[in-house]
Each structure stands twice: as C-alpha cells, then as structure tokens.
Amino acid sequence: MTNQGYLLTVLTFFPLLGTFALLLLKGDDHVWIRRLAFVTSVVEFIISLLLLRGFDLTTSAYQFEEFYAWIPNIHIHYHMGIDGISLFLVLLTTFLTPLAVLCSWTSIHEHVKEFFAMLLVLEMGMVGVFCSLDLFLFFLFWEVMLIPMYFLIGIWGHGRKIYAALKFILYTMFGSILMLVAILWLYRLSSAAGNPTFDLPVIQQMLSSGTITMSGTTEMLLFLAFLLAFAIKVPLFPLHTWLPDAHTEAPTAGSVILAGVLLKMGTYGMLRFCLPLFPEASHRAAPVVATLAIIGIIYAALVAMIQKDLKRLVAYTSVSHLGFVVLGIFVFNPTAMEGAIYQMLNHGVSTGVLFLVCGMLYDRRHTYEMSEYGGLAKPMPILCAFFLFACLSSLALPMLNGFIGEFMILIGVFDARHFAWASWAATGAILSAVYLLWAYQRVALEKVTVEKNENLPDASGRERFILIVASLVILFMGIFSPLFTHRMDATTNDLLEQVNARKGYDVQKRAPASPGIQPALPSAHELAMRTVTLERRTQP
C-alpha cells in the first residue's frame, strides 16, 4: 500500500520529543518546565488540526495511513491510520492535554519536571492507541499509557493515592492479559489460514471473507476476552469499583485525562475490535451488555445522589454517562452509534470541566467535602457560573453538547424497537439533573456556613482562560453538531453494514453527509497480500 505521509507519526511522537526536552532542563527551573510542557501540548493540538483539513468524509477507508515492516520475522508492522471513529478522539486528546497542563500550573510543587514529563508520555500513549491498526502496536501503546497514569495517581495524588493507583493498575492489567491472549489467539488463527499477521484490517477481511474460520464458541471466547478488557476501562457495571477511588485521589490533571480520554478507550475498543471482528458474538451478547449498561446508568446515578464528596460524585457521573455510550453501541443502530461516538466527545469535555472546577475549589480549601462549602456564589461568582454551565452541559440541557449525544442514543434505541431499554435509560437522564443540580445547590447557593469561604478568591486569569475555552467548545458542539457527526457517517454505516451483513440482519444506514459515499475498501486478496509483499521487500 502507499503511505499517506507521516502526519500520524509526528502527531504520536511529538509529545515524546517534548519529554526529552523537559529532561534537559534543571529540576528547579519550574517556570520553564511548565512553559515547555504547555508549548509542546499546544503545538501538538495545532498539528492534530491538520487531520481535519485532509480528512475525506466521503469514505469509510482508513486515512493518513502509514505501513512499514517493523519486526517482519514475527509479522509485526508499524501500521497507523484513522477513520471517522478515531478522528475526534485524537482531537479530544490533544485538546484536553494543554488544559491539564494549565490546571497544574500552581498546584504541583514537588517533582514538577517528572509530573509534566509523565503527562506528555501519557499523551503519546493515548494518541498511539487511537491511531494503531496493528494489534501488537495497539497493545504496546495501551500498556505504555497505563504507566504514567499509575505514577500520576500514586505520586501526585491525594489521600489514599497508593491504594487508588494499585487498584487502577491491577484492574487494567487483568483486562490487558485477557486482551493479549485474544490477540495471540487471532494471530494463531491467521497463521493457520496461511497468512500470519497482527494487522487489524487484514484479520478483519480474512474473517469476513471466510479465510479464517472459527466456531461459535471460539468467537464468543475471543469476544469476551476483548470485551472484558474494554469493559474494565469504560468502566461497565459491575467492573466500575476502581474508578471512584482513582478519580478522587488523582490530581486534577489526572482526573481530567482519565475521565476525558482514558475511559473512552474502552468504548473505542468495542467499536474498533469487538463489533467488526466478532459480529455474531456481539449480537448474542448485546442483550446482556445493554442490560449491564442500563443498570450502570441508574445505579451510578443513584449512588451519585448520596455522595458527600464532590469529586466522587463527579466520578460516578462518568459511570452513568458511559453507560449511555455502551448502550448506543450495542443496539446496532446508525443513529445510536453516532450518538455514542459523539457522547464520548461530549463527556470528555463537560466532565473534564467539572473536574477542573473541583480542582480549583480544592486548591483554595484542600477538601472535596460539600459540607465544607456552601454559598460560594457570593465570593466566587465567576467560578460558580462556569460550574453551573458544566452541570447543565452534563445533564444534557438543549443547545449544549450533552443533549445531542444522549438524544441521538435514545432515538436510536427507540428506532431499534428496544422500547424498554430506552425507557429505563431515560430515567438516568432525569436522575442526572437531580444529583448535579443538588450538588450545585449545596456548593454554591446555600448560606455560607464556614468562615473561610467568605473571602475565597474568585477564578484567576489563568483559570478563567481554561474555563472559557472549554465552555466555548461545549457551546460549539451543542450548536454545530453536524460538523462532527457528518464525518462519522461513512465509517459508522460501513461498520454496521459489516456487522449486520455477516450476521444476516438488514442493514440500516444514516443519510450520508454528501452523495457518493464509497466504502473504498481494498479486496480481501489485496489486504492479505500486502503483508507478504512488504515482508519480502524487507528481506535481505
């Protein structure tokens, strides 16, 4: 195949270059360490915007592809590419990272250089996960991403930070082991079919063409291995217990990235691997997965209502809102699936703002207990105004971003004739208004009962800049959602066509953004032979 430039490689590894530059600075030169980390993250975001200019919304094929033989002896390749599913997840990652750097400007005082180095390495791992099209490369970036997050929680966290960090890494590593076994199993199946490879598009085409055959039991086992790994990351009920601890004890930047990006890797993995590779197993497991998602929506909302810790309350909102995303994926409806992808983006921004506000309050009072607040709208009107705006976005107020995603999901679930599922899930939207507005009332509207709160400083210039930028994005996504969803049409239509056609279901499609959408997928022979061709070229 022809390589389409080097943009994804530059985008993936530029933060690593910034990390090396950070290591050259003196450890006590905190001003320039912060400046260099911020500049690196901003340049990374600017580079990612080039993806929008060159992205073709009329095709479902992978774009900006790069394909090189990496370790040809064991058929491992450096294969990168993006489509309508991963495009905006990459942009979400590069957008949130500068905000995470800025929110840590004055709150991190120890091991400052190491903190920002970990943040940039984490960004590299996250971008690599969304761009990888080789199973081994994907797993490598998946594991690389875990290490800096573990240290961010364990070193710069609060309270029971070691406990939270260990719980996070143990849960995630358990899922990683299952996924690695499934990857090796797929490699073995491709070897038995005469074309050993880790390349995702090749394996997918071999499965759809019947070159790789497997029993229903084998498919279900492989599906469950991938699903459990991704369900832990989402997290899907009842695998969610690591998340509240990790969020509560993590530093603000860690919580923003964890909620904004890392959780989306679970739902992204379901879309990228579970559905196209194992369509029959996906359909068979859909009622169970959807039921767990609905339980998570309602359960997490009810638990959030009784929380006394503001940050822990926001953590449970992630479990509830990501339940909507999982539900939208597993009804196999184009509207619901696009709504799920869009809700992933919405949740990343709106919940990121909620965690930013939590961090700003913590910097002033060093507590997340809502009983220690109350009446903050009087001394801190600007900060509380942005807090309310983020709450309204998260509870899906029309004209803001959260409404579009949840509405599309519920419409898609109804359209798929799962009326009971949609009805139960809708109660989660109602409960979200209850716990978010109640939390805002307890923090901002009640009388000032703690003397320390009377003279708290309002949002600084740096904090206002962070909140204004994020709030403008929330408003923009709520008003101009077609600019996002149109770039998903071709990919989601093609994915559902593959999944439903292989299962024997009628294929539903959303109207394309423009006429003439073509799948533009190479033939099975071309996909199977390109690995062999490149390996021969690399042999001495």
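Residues numbered from 1 in each chain as written. Predicted model: local features only at pLDDT ≥ 70, side-chain atom pairs only at ≥ 80, totals over all residues. Heavy atoms only, no water.

*Asks:* Is there a simple way to think about the packing of helix H8 (residues 216–233) against helix H10 (residues 252–277) in this case?
*Replies:* Helix packing geometry: the angle between the two helix axes and the distance between the axes. Direction vectors running N to C along H8 and H10 enclose 160°, while the axes themselves pass 7 Å from each other. Compared by their axis directions, H8 and H10 come out roughly antiparallel. Of the two possible hands of crossing, H8 and H10 adopt the one that is left-handed. Taking contact as the criterion, the partners of Phe 223, Phe 226, Leu 227, Phe 230, Ala 231 and Lys 233 in H8 are, on H10, Leu 262, Leu 263, Met 265, Gly 266, Gly 269, Met 270, Phe 273 and Cys 274. (Axes fitted to C-alpha atoms, helices over the stretch in contact; angles between N-to-C directions. Helix = DSSP H or I, 4+ residues; strand = E, 2+ residues; numbered from the N terminus. Parallel < 35°, antiparallel > 145°, perpendicular 65-115°, else oblique. Left-handed = near helix turned anticlockwise from the far one by under 90°. Contact = heavy atoms within 4.5 Å.)

*Asks:* How should a nonpolar patch on the surface be read in this particular structure?
*Replies:* A cluster of nonpolar side chains, Met 399, Leu 475, Phe 476, Ile 479, Phe 480 and Leu 483, forms an exposed patch at the surface whose accessible area comes to about 530 Å². With three residues, helix H17 (residues 461–479) is the single largest residue contributor to the nonpolar patch. Looking at the element boundaries, Ile 479 is found in helix H17. (Patch = residues over 30% accessible without salt bridge, like charges linked within 9 Å, V, L, I, M, F, W, Y side chains within 5 Å. Areas by Shrake-Rupley, 256 points an atom, 1.4 Å probe, with all protein chains shown as cover. Salt bridge = Lys/Arg side-chain N within 4 Å of Asp/Glu carboxyl O.)

*Asks:* Would you explain the side chain of Ser 104 in this entry?
*Replies:* With respect to the element layout, Ser 104 can be found in the loop between helix H3 (87–103) and helix H4 (112–131). Since its relative accessible area comes to 2%, Ser 104 is described here as buried. Among all residues touching Ser 104, those that are not within four sequence positions of it are Arg 34, Phe 115, Phe 116 and Ala 253. (Buried < 20%, exposed > 50% of the residue type's maximum accessible area, 1.4 Å probe, protein only.)

*Asks:* Just checking my understanding: could you explain the pairing of strand S1 (residues 63–71) for this structure?
*Replies:* In summary, the side chains of a regular strand alternate between the two faces of the sheet. Alignment of S1 against strand S2 (residues 76–82), held across six bridges, turns out to be antiparallel. Bridge assignment links Glu 66 to a residue of S2, and that residue is Met 80. The hairpin turn running from S1 into S2, its antiparallel successor, is four residues long, and His 75 in that turn takes a positive phi close to 60°. (Pairing = 2+ DSSP bridges.)

*Asks:* Would you mind showing me how to read helix H14 (residues 381–394) here?
*Replies:* Residues three or four positions apart in an α-helix share a direction because the helix packs 3.6 residues into each turn. Taking 1.5 Å per residue, 14 residues should reach 20 Å; H14 reaches 20 Å between its end C-alpha atoms and fits that length. Along H14, the residues that are buried comprise Leu 383, Cys 384, Phe 386, Phe 387, Ala 390, Cys 391, Ser 393 and Ser 394. Of the surrounding secondary structure, the elements contacted by the buried residues of H14 are helix H12 (310–329), helix H13 (334–365), helix H15 (401–415), helix H16 (419–445) and H17. (Expected span 1.5 Å × (residues − 1).)

*Asks:* Is there a simple way to explain the pattern of salt bridges in this structure?
*Replies:* Note on pairing: side chains with opposite charge can pair once their charged atoms come close. Here the structure, examined in full by the defined rule, presents six salt bridges. Asp 245 serves as the salt-bridge partner of Arg 160, at 3.5 Å between the closest nitrogen and oxygen. Placement of Arg 160 in the loop between helix H5 (135–156) and helix H6 (161–192) and of Asp 245 in helix H9 (residues 242–249) is noted, with a sequence separation of 85 residues between them. The class of Arg 160 is partly exposed, set by a relative accessible area of 49%. In this structure, the salt-bridge partner of Arg 312 is Asp 245, at a minimum N-O distance of 3.4 Å. Placement of the pair is Arg 312 in helix H12 and Asp 245 in helix H9, with a sequence separation of 67 residues. Among the ionic contacts, a cluster of salt bridges with common partners joins Arg 160, Lys 167, Asp 245 and Arg 312.

These figures come from the coordinates and say nothing about function on their own.
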